[in-house]
Amino acid sequence: MAHLNVTQRIEILLFIGCGNKTRTQQEVCNLFNAKYPDNPITQSTVNKIESKFRETGDVKDLPKSGRPKITQDKKIDIVLSMEENPQSTSTLVASENEVSQTTVLRILRKENYHPYKFQLVQELNEDDPDRRLQFCETMMNLCQTNPNLHQQIFVSDEATFKQHRYWSYCRYWSRTNPHWIIEAHTYSTSASSGVLAK
C-alpha cells in the first residue's frame, strides 16, 4: 500500500462517498492521483483503506507487535547481576530486572557468558591413603590364594545419592571456565563445600 498520511486516507473515504452516491475504486484512484500526482495509488490501496475503516472504524495502522527494545542500561544491569552473583539463575535475574528469561539468556550469550557445571570429585580424608594401601595388600594376598578371584568379582561405577537437588541444577555464569569443583564424600547425604580449582 502506498505511504499515505491520515489526512490522505480520510480523503480516499470522502472520495468513495456514502449511500447511493458512492464511486468505484477506479474513480477514486483517478480523483486522488489527480490531486496527488507524486503519490499515486491503485485500486488495491482504496480497497484496503475502505476495508480497514469498516473493520476498525479507523484509518490508522495498528501498532506493530513484537518485543520491546531493551535499553543499554538494562543490558548493563543484567550483566552486572551475573557478575555480582555468578551462581544466580537466569529466571531470578529476569525477575529482578523485569524482563523475560529469554531476554536475559540472549544478552548473556551475546556477552559470551556460559553456564558452567561444577565437577563433583571424591572428598579425600586423612586416612584414605592408608586404607587404599591396606586394600591393595589384602587383594594381592587373596589373589595369591585364589588365582580365579578376578572372575568372581563384580565391579560397578560409584554413585553418590543426595537428598538435596541443589547441585543437580546449579550453574556458574562466567566468560571463562572457573573450573568449579565440589568435593563430596561418597556416603554422605549432602555435598560439602565447593572450591574454584586453579
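Residues numbered from 1 in each chain as written. Predicted model: local features only at pLDDT ≥ 70, side-chain atom pairs only at ≥ 80, totals over all residues. Heavy atoms only, no water.

Caption draft 1: Geometry of unusual backbone geometry. One non-glycine residue, Glu 98, lies in positive phi territory at about 55 degrees. As for its placement among the helices and strands, Glu 98 is situated in the loop between α5 (90-97) and α6 (101-110). One non-glycine residue, Asn 112, lies in the positive phi region at around 65 degrees. With respect to the helices, strands and loops of the structure, Asn 112 is situated in the loop between α6 and β1 (114-116). Taking the relative accessible area as the measure of exposure, Asn 112 reaches 57% and is therefore exposed. (Helix = DSSP H or I, 4+ residues; strand = E, 2+ residues; numbered from the N terminus. Buried < 20%, exposed > 50% of the residue type's maximum accessible area, 1.4 Å probe, protein only.)

Caption draft 2: Representation of the pattern of salt bridges within the structure. For the coordinates displayed, the defined rule picks out 4 salt bridges. Close ionic contact of Glu 50 with Arg 54 constitutes a salt bridge, the shortest N to O distance being 3.0 Å. Of the two residues, Glu 50 and Arg 54 both sit in helix α3 (residues 43-56), 4 residues apart, roughly one turn of that helix. Classification of Glu 50 as buried rests on a relative accessible area of 18%. Put simply, Arg 175 and Glu 111 hold a salt bridge, and the shortest N to O gap is 3.6 Å. Of the two residues, Arg 175 sits in the loop between β3 (172-174) and β4 (180-184) while Glu 111 sits in the loop between α6 and β1, which places them 64 residues apart along the sequence. For Glu 111, a relative accessible area of 33% gives the class partly exposed. Through salt bridges that share partners, Glu 83, Glu 111 and Arg 175 make up one connected network. (Salt bridge = Lys/Arg side-chain N within 4 Å of Asp/Glu carboxyl O.)

Caption draft 3: Inspection of α6 at higher detail. Those residues of α6 not exposed but buried are Thr 103, Val 104, Ile 107 and Leu 108. Mapping the buried residues of α6 onto a view down its axis gives an arc of 130 degrees, with all of them on the same face. Away from the buried face of α6 by more than 90 degrees, exposed residues Thr 102, Arg 109 and Lys 110 are located. Contacts from the buried residues of α6 go to α4 (72-84), α5 and β3. After α6 finishes, the residue Asn 112 shows a positive phi value of roughly 65 degrees. (Arc of directions from axis to C-beta. Contact = heavy atoms within 4.5 Å.)

Caption draft 4: Expanded view of a nonpolar patch on the surface. Among the surface-exposed residues, Val 6, Ile 10 and Leu 14 lie close enough to one another that they form a single nonpolar patch of about 270 Å² accessible area. Along the chain, Ile 10 turns up in helix α1 (residues 6-16). (Patch = residues over 30% accessible without salt bridge, like charges linked within 9 Å, V, L, I, M, F, W, Y side chains within 5 Å. Areas by Shrake-Rupley, 256 points an atom, 1.4 Å probe, with all protein chains shown as cover.)

Caption draft 5: Focus on the nonpolar core. Listed in full, the 12 residues of the largest apolar core are Leu 4, Ile 12, Leu 13, Phe 15, Ile 16, Val 28, Cys 29, Phe 32, Ile 41, Val 46, Ile 49 and Val 59. Mapped by element, the contributors of at least two residues to this core are α1, α2 (25-35) and α3. Tallying contributions element by element places α1 first for this core, with 4 residues. Look past the residues within four positions of Val 59 in its chain and what remains in contact with it is Val 6, Arg 9, Ile 10, Leu 13, Ile 49, Lys 52 and Phe 53. In this structure, Val 79, Ala 94, Leu 108 and Trp 173 belong to the second largest nonpolar core, which totals 11 residues. (Core = buried A, V, L, I, M, F, W, Y, C linked by side-chain atoms within 4.5 Å.)

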